[in-house]
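A look at the structure
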Amino acid sequence: MNQPLWPVDLGPVICVVGARPNFMKMAPILRAFSKSIPVIPTLLVHTGQHYDKDMNDKLFEDLRLPRPDINLEVGSSSHAVQTAEVMRRFEPVIDQHRPSCVLVVGDVNSTLACTLVAVKKGISVVHVEAGLRSYDRKMPEEINRLLTDQIADRLYTTERRAEDNLVREGIAASRVCFVGNVMIDSLIHNLEFARSPAATLTGGGFDAAVLGGSEGYGVVTLHRPSNVDQAETLASLLRVLNEISHQLPLIFALHPRTRTNIERFGLCHLVDNPHLMLLPPQGYLEMLGLIAGARIVLTDSGGLQEETTALGIPCLTLRENTERPITVEQGTNTMVGRDTDAIRRETGGILAGHGKQGRVPELWDGRAAERIACDLSRWLLDQHPPEAKA
Ligand code: UD1
């Protein structure tokens, strides 16, 4: 039996990744597109927003992502320059490949930059993880989310409330499709390959014996400018982490921005403590192993709020707001802001066994990417019916 083929005049779907949190969202999408009937042809474009081995290559390997077809190599700079560079370099890619649509994920600068270019060239844009809102316009990601959703053509959401947010902003419900969470697709797909925390610690030069103790360990990540770009804020967070680490050893995976600022602000003494183990940014499988075995996760990452909810691990989010409220309402997440008393108190509660139990949200079942493949091919083929070719 011959499989139906993708119409030759329809063009590939250009799939855009730029920064670390995009990679685990794109991997299941590419997998699902390659298994879809007809196979959805793709062109993987990496903007190069993240480029370090730790932030990039290792994750590609762990997630078995194919090498990007095109790397725009924009690197780091101010928001304006980074966004502008992505736009400048992405435009010729669209001209050359005439895609059927551009698919973007998440909320990083590359997401918005590529959306703007495509839409202005009359190419449809599909946004995966649409409709999340923190209602905090000081966050660069909130601006990226708002603008991308306004101009994208097809919006895939991870939770039902996202559609309400979009409709409130004047977006037609017919553009929105609730599919579940592709980040959790990656988690479910890779959990059995997660690296053991002992191997990760040993690899980082630490004594894994600490994990043999009955108390277990906690995991920390911090990288938001609002937490790490001011010396006073960063110092007060490091002080409370230092204190907690005497109750429970903490493994702290350091984003390059955080490491640079600890050094720049002269705060190294606050992390010079054998119970606070500093590691470089971790690979996907290492991080999965670390959080799956943790007693608590303290973070300002969006992805970790979702992953801990899916795994049932108590999470304290060191932010004033979240664009992922479902992780608080249904999952294991508690918002503590930068309030050191709240961080101390909530950590104490979790260590005393009073952490939230939570439940896994609707459609966080490992099949979100399949739903996207199914809906997207129908949507694209409907717009370009074969008879229209004649
Ligand atoms: C970006 C995303 C953020 C996401 C985060 C995950 C935006 C606005 N922000 O923030 O939503 O949560 O990625 O990490 O898109 N750097 C390196 N090596 C790299 C990349 C960055 O050393 O491979 C350093 C550079 O000094 C750079 C800084 O990290 O200036 C920040 O990188 P950038 O891509 O601007 O933003 P992130 O803070 O990583």
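What you see is a predicted model; the values in this text were computed from it and never measured.

This next bit is on the overall build of the chain. Within the chain one finds 16 helices and 13 strands. The C-alpha radius of gyration of the chain comes to 21 Å, within 12% of the 21 Å expected for a compact globule of 390 residues. A buried classification covers 57% of the 390 residues belonging to the chain. In the chain, the proportion of contacts linking residues at least 24 apart, taken out of those at least 6 apart, comes to 70%. Within the chain, the 47 negative side-chain charges are centred at a point lying 2 Å from the centre of the 40 positive side-chain charges.

With that settled, consider the sheet that holds strand 3 (residues 70-71). The 7 strands are arranged 3-2-1-4-5-6-7 in an open sheet whose pairing can be described as parallel. The open sheet has two edge strands with one neighbour each: strand 3 and strand 7 (176-178). Where strand 4 (residues 101-105) lies against strand 5 (residues 124-128), 5 bridges are found, and the strand directions are parallel. Directly across from Leu103, in strand 5, lies its bridge partner Val126.

Attention shifts here to the site of the ligand. Around the ligand, the surrounding shell holds 19 residues, and the nearest of these are Gln49, His50, Tyr51, Glu141 and His223. Taking Asp52, its main chain carries an N or O atom lying 2.9 Å from an oxygen atom of the ligand. The separation between an oxygen atom of the ligand and a polar side-chain atom of Glu141 is 2.6 Å. Secondary structure elements with two or more residues in the shell around the ligand: helix 1 (20-35), helix 3 (79-97) and helix 11 (256-264). Tallied by class, the residues present in the shell around the ligand amount to 6 nonpolar, 8 polar and 5 charged. Each of domain 1 (13-180 + 364-383) and domain 2 (195-351) gives at least three residues to the shell around the ligand.

Another aspect to go through is the sheet that holds strand 9 (residues 250-253). Whenever strands of a sheet pair, they do so through backbone hydrogen bonds, lying parallel or antiparallel. Judged by pairing direction, the sheet is parallel, and its 6 strands sit side by side in the order 10-9-8-11-12-13 without closing on themselves. In this open sheet, the two edge strands, each paired with only one partner strand, are strand 10 (276-279) and strand 13 (333-335). Taking each pair of neighbouring strands and ignoring which way they run, the sheet shows an average axis angle of 20°. One ladder, built from 3 bridges, connects strand 11 (residues 296-299) with strand 12 (residues 315-317); its direction is parallel. Each bridged residue has a counterpart across the sheet, and for Val297 the counterpart in strand 12 is Cys315. Running at roughly 145° to strand 9, helix 10 (residues 231-245) makes contact with strand 8 (218-221), strand 9 and strand 10 of the sheet.

Conventions and cut-offs
- Residues numbered from 1 in each chain as written.
- Predicted model: local features only at pLDDT ≥ 70, side-chain atom pairs only at ≥ 80, totals over all residues.
- Heavy atoms only, no water.
- Helix = DSSP H or I, 4+ residues; strand = E, 2+ residues; numbered from the N terminus.
- Rg over C-alpha atoms; globule rule 2.2 N^0.38 Å.
- Buried < 20%, exposed > 50% of the residue type's maximum accessible area, 1.4 Å probe, protein only.
- Contact = heavy atoms within 4.5 Å.
- Lys, Arg positive; Asp, Glu negative; His and termini not counted.
- Charge placed at Lys NZ, Arg CZ, Asp CG, Glu CD.
- Pairing = 2+ DSSP bridges.
- Near = heavy atom within 4 Å.
- Polar contact = N/O pair within 3.5 Å; in protein donor to acceptor, adjacent residues only side chain to side chain.
- Nonpolar A, V, L, I, M, F, W, Y, C, P; charged D, E, K, R; others polar.
- Domains from an automatic or database assignment.
- Axes fitted to C-alpha atoms, helices over the stretch in contact; angles between N-to-C directions.

Keep in mind these values describe shape, not function.
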